[in-house]
Amino acid sequence: MFVVTITYTQPIEAIEARTVEHRAWVDQQVADGLIIAAGPMVPRTGGILIVRSGVTKDELETLLKADPFQVHGLADYAVTEFNAGKRNAALEPFV
């Protein structure tokens, strides 16, 4: 599994101008079954994506390049891969 940390690099006004596009991109990844959970950090300095297993880190990083926040140079992305050895049974379909 992966945790993707998105850190905004531009003013919040620039982020808000592309948020609808970004959320549509996230919605598609959720519908496709890749992203398990997503949302903004508190305070809103970026966001977090929780991504299922089944893709490689390289494949995920390539996919993230299509996120409008990355396309328009609004954020940095850090991808952390982890082995979900301890997990709630509800997560079984995702690991």
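Report follows, based on the coordinates.

What counts as what
Residues numbered from 1 in each chain as written. Predicted model: local features only at pLDDT ≥ 70, side-chain atom pairs only at ≥ 80, totals over all residues. Heavy atoms only, no water. Core = buried A, V, L, I, M, F, W, Y, C linked by side-chain atoms within 4.5 Å. Buried < 20%, exposed > 50% of the residue type's maximum accessible area, 1.4 Å probe, protein only. Helix = DSSP H or I, 4+ residues; strand = E, 2+ residues; numbered from the N terminus. Contact = heavy atoms within 4.5 Å. Pairing = 2+ DSSP bridges. Axes fitted to C-alpha atoms, helices over the stretch in contact; angles between N-to-C directions. Expected span 1.5 Å × (residues − 1). Bend = angle between axes of the 7 residues up to and from the residue.

So, on to the nonpolar core. Residues Val4, Leu49, Val51, Leu60, Leu64, Phe69 and Tyr77 are the most contacted members of the largest nonpolar core, which totals 18 residues. The set of elements that each furnish at least two residues to this core consists of strand 1 (2-8), helix 1 (12-31), strand 3 (46-51), helix 2 (57-64) and strand 4 (75-81). Of all the elements, strand 1 adds the most residues to this core, at four residues. Here Val51 is in contact with Met1, Phe2, Val4, Leu34, Ile35, Ile36 and Leu60, once residues within four sequence places are set aside.

Judged by pairing direction, the sheet is antiparallel, and its four strands sit side by side in the order 2-3-1-4 without closing on themselves. Two strands close off the open sheet at either side, each with one partner strand: strand 2 (35-40) and strand 4. Each strand of the sheet is rotated relative to its neighbour by a mean of 15°, with strand direction disregarded. When strand 1 meets strand 4, the two strands line up antiparallel, connected through seven bridges. Bridging from a neighbouring strand, Val4 pairs with Val79 of strand 4. On top of the sheet, helix 1 reaches strand 1, strand 2 and strand 3; it is set at about 165° to strand 2, its chief contact.

This next bit is on helix 1. With 20 residues, helix 1 ought to run about 28 Å at 1.5 Å a step, and its terminal C-alpha atoms sit 27 Å apart, in line with that. At Thr19, helix 1 shows its maximal kink, close to 50°. Those residues of helix 1 lying buried are Ile15, Thr19, His22, Trp25, Val26 and Gln29. The elements touched by buried residues of helix 1 are strand 1, strand 2, strand 3, helix 2 and helix 3 (68-71). Directly after helix 1, the chain includes Gly33, whose backbone phi takes a positive value near 90°.

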